[in-house]
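# Geometric and topological summary
Chain by chain, the residues run as shown.
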Amino acid sequence: MDRSVPHLFRWKTGSLPVDVTGVVSNHPGFGELAAAYRIPFHHIPVTPQAKAAAESQLLEVIDGTGADLIVLARYMQILSGEVCKRVEGRMINIHHSFLPSFKGARPYHQAHARGVKLVGATAHYVTPDLDEGPIIEQDVIRVNHTLPAERLAEAGRDVEAQVLARAVTWHAEHRVLLNGDRTVVFH
């Protein structure tokens, strides 16, 4: 299951205090998910040759919808410094908390091979420094050797969904104060 599904469900049921104005993806398959929730879908393919044009389209969608918050979920592209500056303090990313240990493809499988005992997630504001923006929320769960790699990844995605939902909620409720490279979160 994609990280977007629980968030769209939370939005639709009123437990996520945001107005979803659209879904932008470089994967065409997310169109069906957006359609199921009756949300406008914008497919913007990203290739190395067309990256600048794709980012320009992304900014047009953001500006056109008047989005106050942009959430990255399964967006496996590095955004340019220009885009990061334009959306500073209003774009949130989520990732597993294995960084910098398990980078690249299949991090949960890498972690499983090394016998990790904790899996977690970090939600942070996006900056030009990849995955190093001001942290909004983090959480971990304990795991053990009995979990196969697929179940470890499932557990990690569950933590990611919860952490992202809290970060989005706190941002939407204006409870996150950016303080340089850090945040102050009012609970």
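Structural notes, computed from the coordinates. (Residues numbered from 1 in each chain as written. Predicted model: local features only at pLDDT ≥ 70, side-chain atom pairs only at ≥ 80, totals over all residues. Heavy atoms only, no water.)

## A short note on the overall build of the protein
Condition: Comment: elements are numbered from the N terminus, with helices defined as DSSP H or I runs of at least four residues and strands as E runs of at least two. Only C-alpha atoms enter the radius of gyration, while the globule expectation follows 2.2 Å times N to the 0.38, with N the number of residues. Using a 1.4 Å probe on the protein chains alone, a residue whose accessible area is under 20% of its type maximum counts as buried, one over 50% counts as exposed, and one in between counts as partly exposed. We call two residues in contact when some of their heavy atoms are within 4.5 Å. In short, Shrake-Rupley with a 1.4 Å probe defines the accessible areas, and a residue's cover is counted only from the protein chains shown.
When helices and strands are counted, the protein shows 6 helices and 8 strands. When the helices and strands of the protein are placed in sequence order, the string is α-β-α-β-α-β-α-β-α-β-β-α-β-β. Its C-alpha atoms give the protein a radius of gyration of 16 Å, near enough to 16 Å, the size a compact globule of 187 residues would have. Along the longest, intermediate and shortest principal axes, the C-alpha atoms of the protein span 50 × 40 × 35 Å. Within the protein, buried positions represent 42% of all 187 residues. Of the contacts formed within the protein by residues at least 6 apart in sequence, a portion of 56% connects residues at least 24 apart. Of the accessible surface of the protein, which amounts to about 10,600 Å², a share of 53% is contributed by carbon and sulfur atoms.

## Thoughts on the sheet that holds strand β3 (residues 70-72)
What counts, and what does not: Two strands are said to pair when DSSP picks up at least two bridges between them. Here the axes come from fitting lines to C-alpha atoms, over the contacting stretch only for helices, and the angles between their N-to-C directions go from 0 to 180 degrees.
The strand order β3-β4-β5-β6 describes an open sheet built from 4 strands, whose pairing is mixed. The open sheet is flanked by β3 and β6 (135-142), the only strands paired with a single partner. Between one strand axis and the next, the sheet turns through 15° on average, direction left out of account. For strand β5 (residues 118-125) and β6, the ladder comprises 7 bridges, and the chain directions are antiparallel. Considered in β6, the bridge of Ala123 is made with Glu137. Where helix α6 (residues 149-172) meets the sheet, it contacts β3, β4 (91-96), β5 and β6, and its direction lies at approximately 150° from that of β6.

## Describing the pairing of strand β8 (residues 182-185)
Burial of β8 is one-sided: the residues Thr183 and Val185 facing one way are buried, the residues Arg182 and Val184 facing the other way are not. With 4 bridges joining them, strand β7 (residues 176-179) and β8 adopt antiparallel strand pairing. Bridged to Asn179 within β8 is Arg182. Counting the residues in the hairpin turn of β7 and β8 gives 2 residues, including Gly180, whose phi is positive at 65°.

## Some points on the packing of helix α5 (residues 107-114) against α6
Stated formally: Angle categories: roughly parallel below 35 degrees, roughly antiparallel above 145, roughly perpendicular from 65 to 115, and oblique for all the rest. Left-handed is the label given to a crossing in which the near helix is rotated counterclockwise from the far helix by less than a right angle, and right-handed is the label when the rotation is clockwise. Note that Gly is not counted as nonpolar here; it falls among the polar residues with everything else outside the nonpolar set of Ala, Val, Leu, Ile, Met, Phe, Trp, Tyr, Cys and Pro and the charged set of Asp, Glu, Lys and Arg.
Interhelical geometry of α5 versus α6 gives an angle of 120° and a closest axis separation of 9 Å. On the basis of the axis angle, α5 is oblique to α6. The crossing of α5 and α6 is right-handed. Where α5 abuts α6, its residues Tyr108, His109, Ala111 and His112 lie against Ala149, Glu150, Leu152, Ala153, Gly156, Arg157 and Glu160. Looking at the contact of α5 with α6 residue by residue, the class counts come to 5 nonpolar, 3 polar and 3 charged.

## Notes on unusual backbone geometry
Residue Asp131 is not a glycine yet carries a positive backbone phi of 55°. As for its position among the elements, Asp131 is in the loop between β5 and β6. The residue His174 is not glycine, and still its phi comes out positive at about 55°. Assignment of secondary structure puts His174 in the loop between α6 and β7.

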